[in-house]
Amino acid sequence: MKAMVYTQYGPPDVLRLEEIAMPTPGNDEVLVRVYAASANASDWHLLRGVPFPVRFVYGLFRPKYPVLGADMAGRVEAVGASVTRFRPGDAVFGDLSAYGFGGYAEYVCVKAEALVRKPDHLSFAEAAAVPSAALTALQGLRDKGKLQPGQNVLIHGASGGVGSFAVQFAKAFGAEVTAVCSTRKMAVVRSLGADHVIDYNREDFARTGRKYNLIFAANGNRSIFDYRRVLLPNGIYVMGGGAGRQMVQAMTPGPLLTLLDSREHVNLLMKPNPADLAFIGGLLESRKIVPIIDRCFPLDAVPEAIRYLEAGQAAGKVVITTGATV
Ligand SMILES: NC(=O)c1ccc[n+]([C@@H]2O[C@H](COP(=O)([O-])OP(=O)(O)OC[C@H]3O[C@@H](n4cnc5c(N)ncnc54)[C@H](OP(=O)(O)O)[C@@H]3O)[C@@H](O)[C@H]2O)c1
């Protein structure tokens, strides 16, 4: 089978489309024919091995997992002896990041527990756009942010994969949503249902005078003190993603600032789990949320797809299709 493989850290050029052995499912595993996968910011971190501490988990000198691709949708081809939840032919999707990745390939073997059934109305490409970004947005708002109906929520980085789901979850949970994004992505973000959209090229959310119960930095580039300035008493700032400075600030002044008053700073580390994915499946079924796809790339163009994502061009998700058809 064909797979996009990398054996050394580096830019997207280190990826090669290669013929590798077809995996065989173990006892509790499922062999899935991959129809689509989606790219995530984590791809370029894992590809380049940056920031350096990721290497302690994903391989110190060379990548531990040679085939990337966390998000995947496809059809079950074969199941291991103890798998009862799925049968060959079932359409499934899931986040493979806790199971060794492998979505950028024609087939992948994964533990059955990583997968849930694909909602019928979604294409494989749409389903592949969901898992990691939607799980991050859900866990950031609901679990870390303790979002309640009627609250004022600010979503920074609202136009990306995580942000586009975050805006929709926050609306589905009954919040009043202010979304921050760049000029050319405003129309997409408005279409997600945001009540207010701030173009960060024209307006500074930290100086509008408006304050929030919850700030979710899906991709934040501002100082923790800017977020804190617009946080209401008892408000929560959730650091989902951002550059190095955001991560450092979340680790050092963040916990100390939380001790000063009722405003809280919390860091998010998304944990893939099928219960949350099934919950998301329900919201997809009821059309409360829809995956937004910016562009699809074929399997042999994964390097271009990752470059495109890394350049911050996408509004919504970037999807990889393998050429498998229904
Ligand atoms: N905590 C976790 O467990 C977890 C899990 C998954 C992902 N993440 C992180 O979450 C972040 C977002 O992931 P994603 O999949 O949504 O990425 P993405 O699809 O690449 O989207 C990022 C968006 O952020 C915006 N952006 C780019 N540079 C920005 C800046 N300097 N300030 C504010 N916004 C900026 C861009 O939109 P505009 O053009 O509108 O600015 C872009 O569409 C990444 O940092 C990722 O590593 C964290």
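These numbers were taken from a predicted model, which means no experiment stands behind them.

Undergrad: Whenever I open this one, the site of the ligand confuses me. Can you help?
TA: The environment of the ligand is formed by 23 residues, the closest being Ser159, Ser182, Tyr200, Leu268 and Met270. In this structure, an oxygen atom belonging to the ligand sits 3.4 Å away from a main-chain N or O atom of Gly242. Contact with the protein chains covers 81% of the free accessible surface of the ligand, which is 920 Å². Taken together, the residues of the shell around the ligand sort by class into 10 nonpolar, 12 polar and 1 charged.

Undergrad: How do you make sense of the domain arrangement of the protein chain when you look at a structure like this?
TA: In many analyses, interface size is given as the accessible surface area lost on bringing the parts together. According to the domain assignment, the protein chain contains domain 1 (2–130 + 291–321) and domain 2 (134–267). For domain 1 and domain 2, the distance between their C-alpha centroids amounts to 28 Å. The interface of domain 1 with domain 2 comprises 11 residues on the first partner and 12 residues on the second. Of the roughly 810 Å² buried at the junction of domain 1 and domain 2 (both faces included), carbon and sulfur atoms supply 62%. On the domain 1 side of the contact with domain 2, Val130, Ile292 and Ala315 bury the most area, a combined 45% of that side's loss. Seen at the junction of domain 1 and domain 2, the total is 0 salt bridges. Counting across the domain 1 and domain 2 interface gives 5 residue pairs in polar contact (both at pLDDT 80 or more). Looking at side-chain class alone, the side of domain 1 that touches domain 2 contains 6 nonpolar, 3 polar and 2 charged residues.

Undergrad: Whenever I open this one, helix H8 (residues 244–251) confuses me. Can you help?
TA: Three or four residues apart is the spacing at which side chains of an α-helix point the same way, because the helix has 3.6 residues per turn. Among the residues of H8, Gln246, Gln249 and Ala250 are the ones counted as buried. Buried residues of H8 fall within an arc of 100 degrees about the axis and therefore sit on the same side. Exposed residues pointing more than 90 degrees away from the buried face of H8 are listed as Val248 and Met251. Residues of H8 that are buried in the fold lie against helix H7 (224–229), strand S12 (231–239), helix H9 (253–260) and strand S13 (264–267).

Undergrad: Which parts of the structure should I look at to understand the pairing of strand S15 (residues 317–321)?
TA: Within a regular strand, side chains alternate between the sheet's two faces. In terms of residue burial, S15 counts as a mostly covered element, since 4 of its 5 residues are buried. Across 3 bridges, strand S3 (residues 29–38) lies against S15 in antiparallel orientation. Counterpart to Ala37 in the pairing with S15 is Ile320. In the sheet, strand S14 (residues 293–298) pairs with S15 via 5 bridges, with the strands oriented parallel. Counted as the bridge partner of Cys296 is Val319 from S15. Assessed by its sense of winding, the connection that carries the chain from S14 through helix H11 (residues 302–310) to S15 is right-handed.

Undergrad: Where do I start with unusual backbone geometry in this structure?
TA: Most peptide bonds take the trans form, and the phi angle of most residues other than glycine is negative. Geometrically, the link from Val50 to Pro51 is a cis peptide bond, its omega value of -10 degrees lying close to zero. Here Pro51 is to be found in the loop between helix H1 (41–48) and helix H2 (54–58). Positive phi outside glycine occurs at Phe101, with the angle close to 60 degrees. Positionally, Phe101 belongs in the loop between strand S5 (91–95) and strand S6 (107–111). The phi dihedral of Lys146 falls on the positive side, at around 50 degrees, and the residue is not glycine. Looking at where Lys146 falls in the secondary structure, it is placed in the loop between helix H4 (131–144) and strand S8 (152–156).

Undergrad: Before we go on, may I ask you to explain the side chain of Ser38 in this structure?
TA: For Ser38, the location among the structural elements is in strand S3. Classification of Ser38 as buried rests on a relative accessible area of 0%. At 3.3 Å, the side chain of Ser38 and the side chain of Lys317 are in polar contact. Those residues in contact with Ser38, other than ones at most four positions away along the chain, are Asp43, Asp71, Tyr104, Ala128, Ala129, Lys317, Val318, Val319 and Ile320.

Conventions adopted
- Residues numbered from 1 in each chain as written.
- Predicted model: local features only at pLDDT ≥ 70, side-chain atom pairs only at ≥ 80, totals over all residues.
- Heavy atoms only, no water.
- Near = heavy atom within 4 Å.
- Polar contact = N/O pair within 3.5 Å; in protein donor to acceptor, adjacent residues only side chain to side chain.
- Areas by Shrake-Rupley, 256 points an atom, 1.4 Å probe, with all protein chains shown as cover.
- Nonpolar A, V, L, I, M, F, W, Y, C, P; charged D, E, K, R; others polar.
- Domains from an automatic or database assignment.
- Contact = heavy atoms within 4.5 Å.
- Buried area = accessible area lost by both parts, 1.4 Å probe.
- Salt bridge = Lys/Arg side-chain N within 4 Å of Asp/Glu carboxyl O.
- Buried < 20%, exposed > 50% of the residue type's maximum accessible area, 1.4 Å probe, protein only.
- Helix = DSSP H or I, 4+ residues; strand = E, 2+ residues; numbered from the N terminus.
- Arc of directions from axis to C-beta.
- Pairing = 2+ DSSP bridges.
- Right-handed = clockwise from strand over helix to strand, strands pointing away.

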